[in-house]
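# Summary of the model geometry
One-letter residues, chain by chain:
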Amino acid sequence: MPMNIKGIYKDVLWQDGEIIYDPGWRSNRIVNDYGRFLAALMKKEFIKTDFEQTIGLEYMAFGSVNNGVDGFKDMIKRYFEQVLADPANTAPLVDNALNQWAWAKKLNHVSNMAYIDENDQAVFDQITSKLKIEVKLEKNEPSDQSLVLNEFSLIGIPKKSDGNIDPEHLFMVNYVNHGDITKVATMELSRTIHLNFPLE
(Lines give C-alpha, C1' and ligand atoms only; values in the text may rest on other atoms or scores of the structure.)
Protein backbone atom coordinates (compact mmCIF):
# COMPACT_ATOMS: atom_id res chain seq x y z
CA MET A 1 0.00 0.00 0.00
CA PRO A 2 1.82 3.17 -1.17
CA MET A 3 1.95 6.45 0.72
CA ASN A 4 0.77 9.33 -1.44
CA ILE A 5 2.02 12.51 0.21
CA LYS A 6 -0.13 15.51 -0.58
CA GLY A 7 0.22 19.18 0.14
CA ILE A 8 -1.98 22.23 -0.29
CA TYR A 9 -1.44 25.84 0.69
CA LYS A 10 -3.32 29.11 0.97
CA ASP A 11 -2.05 32.70 0.93
CA VAL A 12 -3.92 35.70 2.26
CA LEU A 13 -2.51 39.21 1.85
CA TRP A 14 -3.75 41.91 4.20
CA GLN A 15 -3.49 45.68 4.36
CA ASP A 16 -5.03 47.85 7.07
CA GLY A 17 -7.09 44.88 8.27
CA GLU A 18 -8.63 44.20 4.85
CA ILE A 19 -7.99 41.20 2.61
CA ILE A 20 -6.61 42.33 -0.73
CA TYR A 21 -5.55 38.93 -2.11
CA ASP A 22 -6.93 35.44 -1.43
CA PRO A 23 -6.73 32.94 -4.32
CA GLY A 24 -7.96 30.02 -2.21
CA TRP A 25 -6.37 26.62 -1.67
CA ARG A 26 -3.83 25.36 -4.20
CA SER A 27 -1.63 22.29 -4.44
CA ASN A 28 2.09 22.35 -3.74
CA ARG A 29 4.89 20.11 -4.88
CA ILE A 30 6.57 17.60 -2.56
CA VAL A 31 10.20 17.34 -3.69
CA ASN A 32 12.75 14.50 -3.66
CA ASP A 33 14.53 15.90 -0.61
CA TYR A 34 11.52 14.89 1.49
CA GLY A 35 12.24 11.18 1.07
CA ARG A 36 15.87 11.71 2.06
CA PHE A 37 14.79 13.81 5.04
CA LEU A 38 12.37 11.13 6.26
CA ALA A 39 14.95 8.36 5.82
CA ALA A 40 17.55 10.37 7.75
CA LEU A 41 15.11 11.00 10.60
CA MET A 42 14.28 7.31 10.88
CA LYS A 43 17.95 6.34 10.87
CA LYS A 44 18.70 8.99 13.54
CA GLU A 45 21.23 10.47 11.18
CA PHE A 46 21.22 13.92 12.73
CA ILE A 47 23.49 14.87 15.61
CA LYS A 48 21.68 15.79 18.79
CA THR A 49 23.46 18.52 20.70
CA ASP A 50 23.00 20.43 23.93
CA PHE A 51 21.68 23.25 21.74
CA GLU A 52 18.99 21.33 19.85
CA GLN A 53 17.39 18.11 21.03
CA THR A 54 14.91 17.67 18.17
CA ILE A 55 15.11 17.78 14.39
CA GLY A 56 12.18 18.55 12.08
CA LEU A 57 10.81 21.32 9.95
CA GLU A 58 12.75 24.34 11.09
CA TYR A 59 12.03 27.18 8.62
CA MET A 60 9.76 28.43 5.90
CA ALA A 61 11.80 29.94 3.10
CA PHE A 62 10.57 32.79 0.91
CA GLY A 63 12.05 34.46 -2.13
CA SER A 64 12.24 35.17 -5.81
CA VAL A 65 14.86 33.19 -7.70
CA ASN A 66 12.90 31.69 -10.62
CA ASN A 67 15.42 28.99 -11.37
CA GLY A 68 13.49 25.89 -10.29
CA VAL A 69 13.90 23.72 -7.20
CA ASP A 70 17.69 23.50 -7.39
CA GLY A 71 18.12 27.22 -7.96
CA PHE A 72 15.92 28.12 -5.01
CA LYS A 73 17.65 25.57 -2.78
CA ASP A 74 21.05 26.99 -3.69
CA MET A 75 19.90 30.53 -2.87
CA ILE A 76 18.51 29.39 0.49
CA LYS A 77 21.81 27.68 1.27
CA ARG A 78 23.59 30.95 0.57
CA TYR A 79 21.15 32.76 2.85
CA PHE A 80 21.92 30.38 5.72
CA GLU A 81 25.64 30.72 5.04
CA GLN A 82 25.14 34.47 5.47
CA VAL A 83 23.39 33.87 8.79
CA LEU A 84 26.10 31.43 9.88
CA ALA A 85 28.82 34.00 9.12
CA ASP A 86 26.93 36.76 10.97
CA PRO A 87 24.03 35.54 13.16
CA ALA A 88 22.90 39.13 13.71
CA ASN A 89 22.35 39.58 9.97
CA THR A 90 18.96 38.02 9.25
CA ALA A 91 18.10 40.38 6.39
CA PRO A 92 17.13 38.82 3.05
CA LEU A 93 20.00 37.72 0.86
CA VAL A 94 19.75 39.87 -2.24
CA ASP A 95 21.52 39.43 -5.58
CA ASN A 96 20.82 42.71 -7.34
CA ALA A 97 22.64 41.66 -10.52
CA LEU A 98 20.23 38.74 -11.03
CA ASN A 99 17.23 40.40 -9.36
CA GLN A 100 17.00 37.51 -6.89
CA TRP A 101 16.46 37.31 -3.14
CA ALA A 102 15.79 34.73 -0.44
CA TRP A 103 14.99 34.69 3.26
CA ALA A 104 13.73 32.20 5.85
CA LYS A 105 11.54 32.50 8.93
CA LYS A 106 12.10 30.23 11.92
CA LEU A 107 9.15 27.99 12.75
CA ASN A 108 7.86 27.57 16.28
CA HIS A 109 6.71 23.96 16.68
CA VAL A 110 3.94 24.99 19.06
CA SER A 111 2.53 28.21 17.63
CA ASN A 112 3.17 27.51 13.92
CA MET A 113 2.31 23.81 13.71
CA ALA A 114 -0.58 21.54 14.65
CA TYR A 115 -1.92 18.08 13.91
CA ILE A 116 -5.31 18.25 12.20
CA ASP A 117 -8.13 15.75 11.78
CA GLU A 118 -10.09 14.69 8.68
CA ASN A 119 -12.09 17.93 8.98
CA ASP A 120 -8.92 20.02 9.14
CA GLN A 121 -9.53 20.90 12.78
CA ALA A 122 -6.57 21.08 15.17
CA VAL A 123 -6.20 18.18 17.60
CA PHE A 124 -4.00 18.23 20.67
CA ASP A 125 -4.42 14.80 22.26
CA GLN A 126 -3.17 12.59 19.42
CA ILE A 127 -0.79 12.39 16.49
CA THR A 128 -2.59 12.32 13.14
CA SER A 129 -1.38 11.87 9.57
CA LYS A 130 -2.14 15.50 8.71
CA LEU A 131 -0.08 18.52 9.68
CA LYS A 132 -0.88 22.23 9.45
CA ILE A 133 1.89 24.83 9.24
CA GLU A 134 0.84 28.46 9.48
CA VAL A 135 3.19 31.43 9.21
CA LYS A 136 2.55 35.15 9.12
CA LEU A 137 4.82 37.77 7.60
CA GLU A 138 4.23 40.88 9.66
CA LYS A 139 4.52 44.47 8.53
CA ASN A 140 8.13 45.32 7.59
CA GLU A 141 8.93 41.60 7.39
CA PRO A 142 11.19 40.38 5.91
CA SER A 143 12.14 43.93 4.89
CA ASP A 144 10.93 47.49 5.16
CA GLN A 145 11.20 47.63 1.36
CA SER A 146 8.64 46.33 -1.13
CA LEU A 147 9.41 42.79 -2.25
CA VAL A 148 8.01 40.51 -4.94
CA LEU A 149 7.52 36.99 -3.57
CA ASN A 150 6.98 34.08 -5.92
CA GLU A 151 8.58 31.01 -4.29
CA PHE A 152 8.51 29.23 -0.95
CA SER A 153 9.62 26.00 0.66
CA LEU A 154 9.55 24.24 4.02
CA ILE A 155 13.08 23.60 5.24
CA GLY A 156 14.70 21.08 7.55
CA ILE A 157 18.25 21.97 8.53
CA PRO A 158 20.43 19.94 10.89
CA LYS A 159 22.94 21.37 13.30
CA LYS A 160 26.58 20.56 13.77
CA SER A 161 27.97 19.31 17.07
CA ASP A 162 28.84 22.89 18.03
CA GLY A 163 25.19 23.93 17.72
CA ASN A 164 25.64 25.89 14.48
CA ILE A 165 23.37 25.25 11.51
CA ASP A 166 24.68 23.13 8.65
CA PRO A 167 23.53 24.82 5.40
CA GLU A 168 25.27 22.28 3.19
CA HIS A 169 22.92 19.53 4.39
CA LEU A 170 19.57 21.32 4.45
CA PHE A 171 16.46 19.57 3.13
CA MET A 172 13.57 21.04 1.16
CA VAL A 173 10.27 19.28 1.88
CA ASN A 174 8.13 21.10 -0.65
CA TYR A 175 8.49 23.77 -3.31
CA VAL A 176 6.04 26.21 -4.86
CA ASN A 177 6.43 28.89 -7.51
CA HIS A 178 3.09 30.64 -7.10
CA GLY A 179 3.60 33.68 -9.31
CA ASP A 180 4.23 37.22 -8.18
CA ILE A 181 2.85 38.55 -4.90
CA THR A 182 4.01 42.10 -4.20
CA LYS A 183 4.26 42.76 -0.47
CA VAL A 184 4.88 46.36 0.55
CA ALA A 185 6.08 47.17 4.05
CA THR A 186 2.59 47.98 5.35
CA MET A 187 1.11 44.63 4.27
CA GLU A 188 0.84 41.32 6.13
CA LEU A 189 0.87 37.90 4.51
CA SER A 190 -0.45 34.72 6.11
CA ARG A 191 0.49 31.38 4.56
CA THR A 192 -1.13 28.10 5.61
CA ILE A 193 0.11 24.71 4.44
CA HIS A 194 -1.57 21.34 4.96
CA LEU A 195 0.55 18.22 4.56
CA ASN A 196 -1.32 14.92 4.31
CA PHE A 197 0.36 11.52 4.64
CA PRO A 198 -2.39 9.06 3.66
CA LEU A 199 -1.99 5.37 2.96
CA GLU A 200 -3.79 4.50 -0.25
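To keep things clear, this report deals only with the structure shown in the data block. As the structure is a computational prediction, the values presented were derived from the model and not from experiment.

The next subject is the overall build of the protein. Helix and strand content of the protein: two helices and 14 strands. Looking at the protein as a whole, 48% of its 200 residues qualify as buried. A sequence separation of at least 24 residues applies to 70% of the contacts in the protein between residues at least 6 apart. For the protein, the accessible area works out to roughly 10800 Å², and carbon and sulfur atoms hold 49% of it.

In this section: the pairing of strand E7 (residues 100-106). It is a general feature of regular strands that their side chains alternate between the two faces of the sheet. Counting buried positions along E7 gives six out of seven residues, so the element sits mostly inside the fold. Here six bridges tie strand E5 (residues 59-64) to E7, and the two strands are oriented antiparallel to one another. Looking at the pairing, Tyr59 lines up with Lys106 of E7. For strand E6 (residues 93-95) and E7, the ladder comprises three bridges, and the chain directions are antiparallel. Paired with Leu93 across the strands is Ala102, a residue of E7.

Moving on to the side chain of Asp166. Its location among the elements puts Asp166 in the loop between strand E11 (147-156) and strand E12 (171-172). For Asp166, a relative accessible area of 15% translates into the label buried. Of note is the side chain of Asp166, whose polar atom sits 2.7 Å from the side chain of His169.

Further remarks concern the environment of Ile155. Tracing the backbone shows Ile155 in strand E11. In this structure Ile155 comes out as buried when scored by relative accessible area, which is 0%. The spatial distance from the C-alpha of Ile155 to the C-alpha of Asp33 is 9.8 Å, given a sequence separation of 122 residues. If we ignore the near neighbours within four places in the chain, the residues touching Ile155 are Gly56, Leu57, Glu58, Tyr59, Ala61, Ile76, Phe80, Leu170, Phe171 and Met172.

On to the packing of aromatic side chains, then. Describing an aromatic ring pair means giving the distance of the ring centres and the angle of the ring planes. Within the structure shown, the criterion is met by five aromatic pairs. When the centroid spacing of 5.9 Å and the interplanar angle of 35° are considered together, the rings of Phe62 and Trp103 count as tilted. Residue Phe62 is found in strand E5, and its partner Trp103 is found in strand E7; the two are separated by 41 residues along the sequence. Trp103 gets classed as buried once you look at its relative accessible area, which sits at 7%. On the basis of an interplanar angle of 65° and a centroid distance of 5.3 Å, the ring pair of Tyr79 and Phe80 is categorised as edge-to-face. A residue is classified by how much of its surface remains accessible, and Phe80, at 1% relative accessible area, is buried.

So, about unusual backbone geometry. The residue after Glu141, namely Pro142, is reached through a cis peptide bond having omega 5°. Note on placement: Pro142 falls in the loop between strand E10 (130-137) and E11. The backbone of Asn66 sits at a positive phi, close to 60°, despite the residue not being glycine. Checked against the element boundaries, Asn66 lands in the loop between E5 and helix H2 (68-85). On the accessibility criterion, Asn66 (48% relative accessible area) is partly exposed. Here the phi dihedral of Asn140 falls at roughly 60°; this positive angle occurs in a residue that is not glycine. By the secondary structure assignment, Asn140 is in the loop between E10 and E11.

Within the secondary structure, Asp11 is located in strand E1 (residues 6-15). At a separation of 2.6 Å, a polar atom in the side chain of Asp11 contacts the side chain of Arg191. Other than its neighbours up to four places away in sequence, Asp11 contacts Tyr21, Asp22, Pro23, Arg26, His178, Ile181, Leu189, Ser190 and Arg191.

This part covers H2. With 18 residues, H2 extends 26 Å between its outermost C-alpha atoms, agreeing within 8% with the 26 Å of an ideal straight helix rising 1.5 Å per residue. Among the residues making up H2, those that are buried are Val69, Gly71, Phe72, Lys73, Met75, Ile76, Lys77, Tyr79, Phe80, Gln82 and Val83.

Definitions and cut-offs
- Residues numbered from 1 in each chain as written.
- Predicted model: local features only at pLDDT ≥ 70, side-chain atom pairs only at ≥ 80, totals over all residues.
- Heavy atoms only, no water.
- Helix = DSSP H or I, 4+ residues; strand = E, 2+ residues; numbered from the N terminus.
- Buried < 20%, exposed > 50% of the residue type's maximum accessible area, 1.4 Å probe, protein only.
- Contact = heavy atoms within 4.5 Å.
- Areas by Shrake-Rupley, 256 points an atom, 1.4 Å probe, with all protein chains shown as cover.
- Pairing = 2+ DSSP bridges.
- Polar contact = N/O pair within 3.5 Å; in protein donor to acceptor, adjacent residues only side chain to side chain.
- Phe/Tyr/Trp six-rings, centres within 6.5 Å; stacked < 30°, edge-to-face > 60°.
- Expected span 1.5 Å × (residues − 1).

Read these as geometric descriptors, not functional statements.
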